[in-house]
Amino acid sequence: MAFPSPARSFPAACLCLAALGFLPLPALAEDWETRIFGRAQYDYTGSEGDQSGFAHDHGEIRTARLGLDLKRGGTKVRLEVARNNSGDVELTDVYVKQALGQSGWSVRAGQFKTQNSLDEQTSGRFTSFFERPAFTDAFAFDRRAGVQLERNGRRHSVYAGLFADNINDTAFSGSHAAAARYVFTPVLTETELLHLGVSLRWREADDRGFEYSQRPFSHDAAPILSTPRFASEDLFAGVEAATIHGPAWLAAEASVMEAGHGPAGDTTFTGGYLEAGYVLGGHRTYEQSKFGRPQVDRPVTEGGRGALLLAVRADWLDMAGSPANGGRMDTFALAADWYATSHVHAGVNLYRIEADLGSTTAGLAPDFAVYILEGGQSEDVTGIGVRVQIDF
């Protein structure tokens, strides 16, 4: 995979954004503050099921990204590209964010994530586990082309946007969505936090309809739970809470999804998690309504031992609603992540999944599908994940 060289990144980004209609061509001649950033993650996963014969033993370059931020006055431009699962390069974030005077409000236009879920908004560089809670994948939080009005305040933050589809896919001929999020932070210091939030997202599907699925705590494994394509629209509602107290933190979310399928009515799915952790030699940080880069008090580059992040999480996903019985899973996970510096870390995740399998085999890993057809109703999966990551 060949990324553009830093020397050519600025004009390439501007030309790309100009072609998308986000940046006027005269801006090419202006002076901008620039920042080049990127990340690389390598993951290994080993897991097996107790009954179905499922076994997964695989390593992959999970993420390889390169991006460019441009800033001038109240205008910020971001262009980021990534290597996808097929080895091709695609656009991730590409947008313009414009401050609206001194009001504290700004408008963002381009492609970016809809504002839903604390853990989904937290960068994958800084999440405490390699995989996000099951409901975030099952309910398909994603990047979409759209316009969003937002305000990142010290106590109150508000986001509301209208979206088409992902610009790497069907873009403006696919599904569309509307999303909003409100966050209240009554306590916010360098090492103390109380975060409370709520978010909504409505989507309308294209002609294919929506399906919902989730993998067994592995990015490159096929799903253990799945529904057929049945929903013409859905509505997500979620609540979130988190606290940081020195080196310790707690986080929790709960959500409900109403999936509509015409005269037959709605199907209700739910999901959520509870997480607790502690950082030896540092602490977690918070900025702009999400967790930020962990603080390492004594990195190895300064003669220290780095920081060790320890975490435990229990999460659930229930998609057993009729008529689309997608099953239920409970996941229990432990994480140990050593940060040599705040930009270089390696870690391990241990997990146990207890699943009540659904009634459909559509889209499942072959071993789970065969097991269901043979009359299997439940399955437990135990696994380990290892990650090495660097970002700049």
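Note that the coordinates shown come from a computational prediction; the quantities given were computed from them, not determined experimentally.

1. What about the overall build of the protein chain?
Working step 1: Scanning the protein chain from terminus to terminus reveals 4 helices and 22 strands.
Working step 2: Taken along its principal axes, the extent of the C-alpha atoms in the protein chain is 65 × 55 × 45 Å.
Working step 3: Considering only residue pairs separated by 6 or more positions, the protein chain has 62% of its internal contacts joining residues 24 or more positions apart.
Working step 4: A total of about 17100 Å² of accessible surface is found on the protein chain, and carbon and sulfur atoms cover 56% of it.

2. Here we look at the nonpolar core
Working step 1: Phe139, Tyr212, Ile224, Phe291 and Leu317 are the most contacted members of the largest nonpolar core, which has 54 residues in total.
Working step 2: If sequence neighbours within four positions are ignored, Phe291 has contacts with Leu118, Thr122, Phe126, Leu193, Ala242, Ile244, Trp249, Ala251, Arg284, Thr285 and Tyr286.

3. Structural notes on helix H4 (residues 366–373)
Working step 1: By the burial criterion, the buried members of H4 are Phe368, Ala369, Tyr371 and Ile372. The buried side chains of H4 occupy one side of the element, clustering within an arc of 165 degrees when seen end-on. Relative to its buried face, H4 has exposed residues pointing more than 90 degrees away, namely Pro366 and Leu373.
Working step 2: Lining the buried residues of H4 we find strand S21 (344–357) and strand S22 (378–391).
Working step 3: Positive phi shows up at Gly375, right after H4, with a value of about 105 degrees.

4. Quick look at the packing of aromatic side chains
Working step 1: Tallied over the full model, the rule gives 11 aromatic pairs.
Working step 2: Relative to Phe236, the ring of Phe141 lies with its centre 4.9 Å away and its plane at 80 degrees, an arrangement referred to as edge-to-face. Here the residue Phe141 occupies a position in the loop between helix H3 (134–138) and strand S6 (143–152), and Phe236 occupies one in strand S12 (residues 233–245), the gap between them amounting to 95 residues.
Working step 3: Here Tyr212 and Phe269 contribute two aromatic rings whose centre-to-centre distance is 5.4 Å and whose plane-to-plane angle is 75 degrees, an arrangement assigned as edge-to-face. Of this pair, Tyr212 sits in the loop between strand S9 (192–204) and strand S10 (213–214) while Phe269 sits in strand S14 (residues 266–280); the two residues are 57 residues apart in sequence, bridging distant segments of the chain.
Working step 4: Assessed through its relative accessible area of 0%, Tyr212 is described here as buried.
Working step 5: Across the ring face of Phe210, the terminal group of Arg203 is positioned such that the distance to the ring centre comes to 3.7 Å.
Working step 6: Directly above the ring of Phe291 sits Arg284, whose terminal nitrogen or CZ lies 4.1 Å from the centroid.

5. Overview of the confidence of the model for the protein chain
Working step 1: Per-residue confidence for the protein chain gives a mean pLDDT of 91, with 91% of residues at or over 70.
Working step 2: With pLDDT under 50 throughout, residues 1–26 is counted as low confidence; its partners more than four residues away or in other chains account for 38 contacts.

6. Here's the deal with unusual backbone geometry
Working step 1: Look at Ser117: it is not a glycine, yet its phi comes out positive at around 75 degrees.
Working step 2: With respect to the helices, strands and loops of the structure, Ser117 is situated in the loop between strand S5 (105–113) and helix H2 (118–121).
Working step 3: Residue classification places Ser117 among the buried residues on the basis of a relative accessible area of 1%.
Working step 4: Even without being glycine, Gln288 reaches a positive phi, approximately 50 degrees.
Working step 5: Turning to its location among the elements, Gln288 is positioned in the loop between strand S16 (286–287) and strand S17 (290–291).

7. Observations concerning the pattern of salt bridges
Working step 1: Under the criterion given, the structure shown has 25 salt bridges.
Working step 2: Among the salt bridges present, the one from Glu120 reaches Lys113, with a minimum N-O distance of 3.0 Å. Just as Glu120 is buried, Lys113 falls in that class too.
Working step 3: What you see here is one network of salt bridges that share partners, running through Asp43, Arg62, Glu131 and Arg387.

8. Regarding the pairing of strand S1 (residues 33–49)
Working step 1: Summarising the sheet, S1 and strand S2 (residues 55–72) pair through 16 bridges and their orientation is antiparallel. In the sheet register, Phe37 faces S2, and the bridge partner there is Gly67.
Working step 2: Counted between consecutive antiparallel strands, the loop separating S1 from S2 contains 5 residues, among which Gly53 sits at a positive phi close to 85 degrees.

9. Remarks on a nonpolar patch on the surface
Working step 1: A cluster of nonpolar side chains, contributed by Leu100, Trp105, Leu149, Val158, Tyr182, Val198 and Val239, occupies part of the molecular surface with about 520 Å² of accessible area.
Working step 2: Mapping Leu149 onto the fold places it in strand S6.
Working step 3: When its relative accessible area of 39% is taken as the criterion, Leu149 is described as partly exposed.

Rules of the game
Residues numbered from 1 in each chain as written. Predicted model: local features only at pLDDT ≥ 70, side-chain atom pairs only at ≥ 80, totals over all residues. Heavy atoms only, no water. Helix = DSSP H or I, 4+ residues; strand = E, 2+ residues; numbered from the N terminus. Contact = heavy atoms within 4.5 Å. Areas by Shrake-Rupley, 256 points an atom, 1.4 Å probe, with all protein chains shown as cover. Core = buried A, V, L, I, M, F, W, Y, C linked by side-chain atoms within 4.5 Å. Buried < 20%, exposed > 50% of the residue type's maximum accessible area, 1.4 Å probe, protein only. Arc of directions from axis to C-beta. Phe/Tyr/Trp six-rings, centres within 6.5 Å; stacked < 30°, edge-to-face > 60°. Lys NZ or Arg CZ within 6 Å of the ring centre and 35° of its normal. pLDDT = per-residue confidence, 0-100. Salt bridge = Lys/Arg side-chain N within 4 Å of Asp/Glu carboxyl O. Pairing = 2+ DSSP bridges. Patch = residues over 30% accessible without salt bridge, like charges linked within 9 Å, V, L, I, M, F, W, Y side chains within 5 Å.

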